[in-house]
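Summary of structural features
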Amino acid sequence: MNVVRVEIPHHLRTLAGVRGELTLDVSGAVSVKSVLDALEAQYPMLQGTIRDHCTLERRAFLRFFACEEDWSHEPMDKPLPDAVATGEQPLLIIGAIAGG
Amino acid sequence: MSKVRVLAGTKKGAFVLTSDGKRERWEVSGPHFAGWEIYHMKGSPVNPERIYASQSSGWFGQVMQRSDDGGKTWEPVGNKFAYEGEAGTHQWYDGTPHPWEFKRVWHLEPSLTDAETVYAGVEDAALFKSTDGGQNWTELSGLRKHGTGPNWQPGAGGMCLHTVILDPKDDNRMFIAISAAGAFRTDDGGETWKPINKGLYSQYIPDPRAEVGHCVHHIAMHGERPGVLFMQKHWDVMRSDNAGDNWTEVSGNLPTDFGFAIDVHAHEPETIYVVPIKSDSEHFPLDGALRVYRSKTGGNEWEAMTKGLPQKDCYVNVLRDAMAVDKLDECGVYFGTTGGQVYVSADAGENWAPIVRDLPAVLSVEVQTLS
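Residues numbered from 1 in each chain as written. Chains lettered and ligands numbered in written order. Predicted model: local features only at pLDDT ≥ 70, side-chain atom pairs only at ≥ 80, totals over all residues.

Considerations on the overall build of chain B
- Check the secondary structure of chain B and you find zero helices and 30 strands.
- Scaling as 2.2 N^0.38, a compact globule of 371 residues should have a C-alpha radius of gyration of about 21 Å, and chain B matches this with 19 Å.
- Considering chain B as a whole, with its 371 residues, one finds that 53% of them fall into the buried category.
- Here the contacts in chain B between residues at least 6 apart in sequence split such that 49% fall between residues at least 24 apart. (Helix = DSSP H or I, 4+ residues; strand = E, 2+ residues; numbered from the N terminus. Rg over C-alpha atoms; globule rule 2.2 N^0.38 Å. Buried ≥ 20, exposed ≤ 12 C-beta atoms within 10 Å, placed from the backbone. Contact = placed C-beta atoms within 7 Å.)

Here it is as C-alpha cells:
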C-alpha cells in the first residue's frame, strides 16, 4: 500500500468537505488512474468531476502534474514517478486558468 | 402564518430568499455552492423541506445537490447521467450529425406525489428520472429515441430539455420542451412520446410548420386546467386548449413577442405573464424599459405592468426558468434578471419591488409557499 499526496482544486475541496492536501492509500502500481480510483472511493462526491463518469477520460479543463511535469496526456495507467508513489511529491490536479 | 421561500439559481451560486406572507422584508441566504452555476433548484410539493439543485461548472461538470432542511444544508447526490444504449446523433448547428453528449441539468421537476422521485431535463436533450432522492438516474429514453431525434438541433444555448410539466390530474401525462426541437407529450408515464407542435410557425427553419425543430423557450400550465398550456416560443406567445394537440398564437398587442419566461397566475388560470424582450439578437427589454406584460384573458389582450420596475436604461434579460408565482391568496409573482435582480410583486403584478439587486446573473427562480 502506498501513501500518496494529492492536491485538488478549491471547488473540489469544498465539494468534498476537505481542506488542504489529501493523503490517500493507493494499492498496487501508483498511476493517475489508481490515484483517482482511490480518491473517488474515499470521496464519492468527486466522481464525474475530474474524469467523465462513462468514458473515464480527463475533463477537458483539468490537468495532472507530477514532479513539475505535465502528465495530462500520458496514459492514465502509466506509473507515476517514484517521488509521487512514495509521497515525497504530490500529484497536482489543476483547473485551467480560463473563463469567468 | 404563511411564508414564502424563493430559490434563486445564479451564474455563481444559489441563494435562498425568505419572507413572511407580506413579502416586504426578506432574509437572504447564500451563496450556496459559491462559484458554481446553479441552473435550477426546486422543492418537492410533497415535502417542501426537500429541495433539489443542479450545480455545474465548465471545469468540473455536473453535480447534484439535495437539501432536507429547506436549503440550510446540502448533500451531494448522484451525478451520473448515462444515456441508455447507443447515444446516437442529432444534428449540429451546420446540419451534420453530432453525437449526443451529456453537458448539464437544466431543469429539475420533483414528483407531485413522492418526495424521492424527481425528473431532470438535460443537455444534450434527454429526460432522466430518479426514484431514490437523486442518488441514481435512469433515462426515459423513449423521448430521445423518438423517431425525430436525429433531426433535432441545438438552439443558441445548446440542445437543452428545459421544461418539464407534470399533469396533476393524470400521473401518466407529462409535457416537456426542447430548444430547438419543440414540445412533446407522453400519456404513458414516459414510455412513448409525441411531438405537440401543430400550429407553431417558425420562419427561421426550413419548413416553418415542421413537426419538430421549433425553438420553444418555455411552457406554463395551471394545475387546475392541465389541458391548457401557454408557450413562449422564440418569437410568438402561444396557447393550446387541448394539451398541445394544436396551438394558436395569442401575442395580440404585445410590443414584441420574443421572450423567454412565461407563467400563470396561481388562482386565475386565464391570467398569464410574460416579459417581452426586444429580439433574438438583442436580448434586453424594448426601449430599455423593463415591463412585465399581463393578460387576464388568456392572451391576446396584454397590459404593461411597470410600477417599481426600471423604465429607462435597463438592458437585462429574463431567462426561461427565471419567473415563478406563489400560492398565497394574493398571488405573488417573481422574476430574476441577468443583471442580478430578483423582483417580487405581492399583488399579482400591479406593483414591483426588488428583493435583491446585486446577485450574479439569475438563471432560475422558483418559489415555495409554506404554511
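Still more ground to cover, so stick around.
With respect to the interface of chain B and chain A
- On the chain A side, the residues contacting the 13 residues of chain B number 14 residues.
- A total of three residues in the side of chain B that touches chain A trace back to one element, the largest contributor, which is strand E6 (residues 61-67) of chain B.
- Residue classes in the side of chain B that touches chain A are distributed as six nonpolar, six polar and one charged. (Nonpolar A, V, L, I, M, F, W, Y, C, P; charged D, E, K, R; others polar.)

Here we look at the sheet that holds strand E7 (residues 75-77) of chain B
Residue and element names in this part refer to chain B.
- Strand order in this open sheet of four strands is E4-E5-E6-E7, and the pairing throughout is antiparallel. Looking at strand neighbours, the two that pair on one side only are strand E4 (37-43) and E7, the edges of this open sheet. Averaged over all neighbouring strand pairs, the angle between strand axes comes to 30 degrees, with direction disregarded.
- Inspection of the sheet shows E6 paired to E7 by three bridges, in the antiparallel sense. Note that in E7 the partner of Met64 across the bridge is Val77. (Pairing = 2+ DSSP bridges. Axes fitted to C-alpha atoms, helices over the stretch in contact; angles between N-to-C directions.)

Some details on the sheet that holds strand E1 (residues 2-7) of chain A
All names here are of chain A.
- In spatial order, the strands read E2-E1-E5-E3-E4; together these five strands make up an open sheet with mixed pairing. The open sheet is flanked by strand E2 (22-26) and strand E4 (69-70), the only strands paired with a single partner.
- The pairing of strand E3 (residues 62-66) with strand E5 (residues 91-95) spans five bridges and is classified as antiparallel. Across the sheet, the residue bridging to Leu62 is Gly95, located in E5.
- Across the sheet, helix H2 (residues 32-42) is in contact with E1, E2, E3 and E5; its angle to E2 comes to roughly 110 degrees.

Structural notes on the nonpolar core
- Ranked by size, the top nonpolar core spans 105 residues in total, and within it Val6, Ile176, Ile219, Ala261, Tyr334, Val342 and Val365 of chain B carry the most contacts.
- Not counting chain neighbours up to four residues away, the residues in contact with Ala261 of chain B comprise His218, Gln232, Val274, Val275, Val318, Leu319, Arg320, Ala322, Met323 and Phe335 of chain B.
- Formed by 31 residues, the second largest nonpolar core is a distinct cluster that contains Leu12, Leu15, Val26 and Ile93 of chain A. (Core = buried A, V, L, I, M, F, W, Y, C linked by C-beta atoms within 7 Å.)

Some remarks on the environment of Ala304 of chain B
Residues and elements named next belong to chain B.
- Position of Ala304 among the secondary structure elements: in strand E25 (residues 303-305).
- In this structure Ala304 comes out as partly exposed when scored by C-beta crowding, with 17 C-beta atoms within 10 Å.
- For the pair Ala304 and Tyr273, spaced 31 residues apart in sequence, the C-alpha separation works out to 9.9 Å.
- In contact with Ala304, not counting residues within four places along its chain, are Arg291 and Tyr293.

Points about the environment of Trp302 of chain B
All names here are of chain B.
- When you line up the elements, Trp302 lands in the loop between strand E24 (292-295) and E25.
- Considered as a pair, Trp302 and Leu363 are 61 residues apart in the sequence and their alpha carbons are 25 Å apart.
- Dropping the residues within four chain positions of it, Trp302 is found in contact with Gly252, Asn253, Leu254, Tyr293, Arg294 and Ser295.

Regarding the pairing of strand E16 (residues 182-186) of chain B
Residues and elements named next belong to chain B.
- Where burial is concerned, most of E16 is hidden: four out of the five residues are buried.
- Strand direction decides the pairing type here: strand E15 (residues 174-179) and E16, joined by five bridges, are antiparallel. For Ile176, the partnering residue across the bridge sits in E16 and is Phe184.
- Connecting E15 to the antiparallel partner E16 that follows it, the hairpin turn spans two residues.
- As judged from the two bridges shared by E16 and strand E17 (residues 194-195), these two strands associate in the antiparallel manner. The residue bridging Arg185 from the neighbouring strand is Lys194, located in E17.

What about unusual backbone geometry?
- A cis amide bond links Glu123 of chain B to the next residue, Asp124 of chain B, at an omega of -10 degrees.
- Among the structural elements, Asp124 of chain B can be located in the loop between strand E11 (118-123) and strand E12 (126-130).
- For the peptide bond that leads from Ser179 of chain B to Ala180 of chain B, omega is 0 degrees, which places it in the cis range.
- Positioned with a positive phi, Glu68 of chain A is a non-glycine residue whose angle comes to about 65 degrees.
- You can see Glu68 of chain A is positioned in the loop between E3 and E4.
- Under the C-beta neighbour-count criterion, Glu68 of chain A is labelled exposed, with 7 such atoms within 10 Å.

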